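# Coordinate inspection notes
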Amino acid sequence: MSNIPVNTEQESTKGWSTMTKVLVGCLGLIVVISVIAVVTLTIAVIESQTGTSFPYSTSYRVSLPDSELVTIGNSKIIVMVMGDSVDTSVDGNKEELMVGQERVISPHFARISALGIPLIDTDFQITLKYLGASGNNALFDMTVRTSKQVPELILRRLIPANMNAQPV
């Protein structure tokens, strides 16, 4: 027998095992790829054919700033509050809405991609129900209907920040 003392405590804290290093490396790689995927998340929107069904829906309470251009997808919307009504212009098509009336925006097609890879293709349609004015904003209940289920996180990327969308 040897009289050389063995310091097992020093050996156990000397470093990570190879398996631990591989596991930490894999987790780090997954985190980096996930962050890059979120940063590169894109939504391409084009006009859609009618006749699509929209079984999934998500609703928001939104405020559209009076006389300011707001773009949802590729639809350009301008509202002008006039007492109990609001003039809405969607892609140049004007319509006056009274409190409680709805405006349906023509269907669109969206392709959601991350890292340049298409993840979800869906048709969607937006309905705005006028609730009245609040200061310099027109308040609406907005319903986004989709042909495929789309995570709410992705739908929120479609809605501009100046609409102050709140899930209903």
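For the structure itself, look to the data block above.
Rules used in this analysis
- Residues numbered from 1 in each chain as written.
- Predicted model: local features only at pLDDT ≥ 70, side-chain atom pairs only at ≥ 80, totals over all residues.
- Heavy atoms only, no water.
- Helix = DSSP H or I, 4+ residues; strand = E, 2+ residues; numbered from the N terminus.
- Buried < 20%, exposed > 50% of the residue type's maximum accessible area, 1.4 Å probe, protein only.
- Salt bridge = Lys/Arg side-chain N within 4 Å of Asp/Glu carboxyl O.

## Remarks on unusual backbone geometry
- Even without a glycine there, the phi angle at L115 is positive, about 55 degrees.
- Among the structural elements, L115 can be located in the loop between strand 7 (102-114) and strand 8 (117-134).
- What makes L115 partly exposed here is its relative accessible area of 42%.
- Positive phi outside glycine occurs at N164, with the angle close to 45 degrees.

## Considering the pattern of salt bridges
- What the rule picks out here adds up to 4 salt bridges.
- Of the charged contacts in the structure, one is a salt bridge between D141 and R61, with a shortest N-O distance of 2.6 Å. Placement of the pair is D141 in strand 9 (residues 137-146) and R61 in strand 2 (residues 56-65), with a sequence separation of 80 residues.
- A relative accessible area of 38% places R61 in the partly exposed class.
- The partner of E95 in a salt bridge is R103, with the nearest N and O atoms 3.3 Å apart.
- When its relative accessible area of 8% is taken as the criterion, R103 is described as buried.

Note that all results are geometric; they support no functional claim without further evidence.
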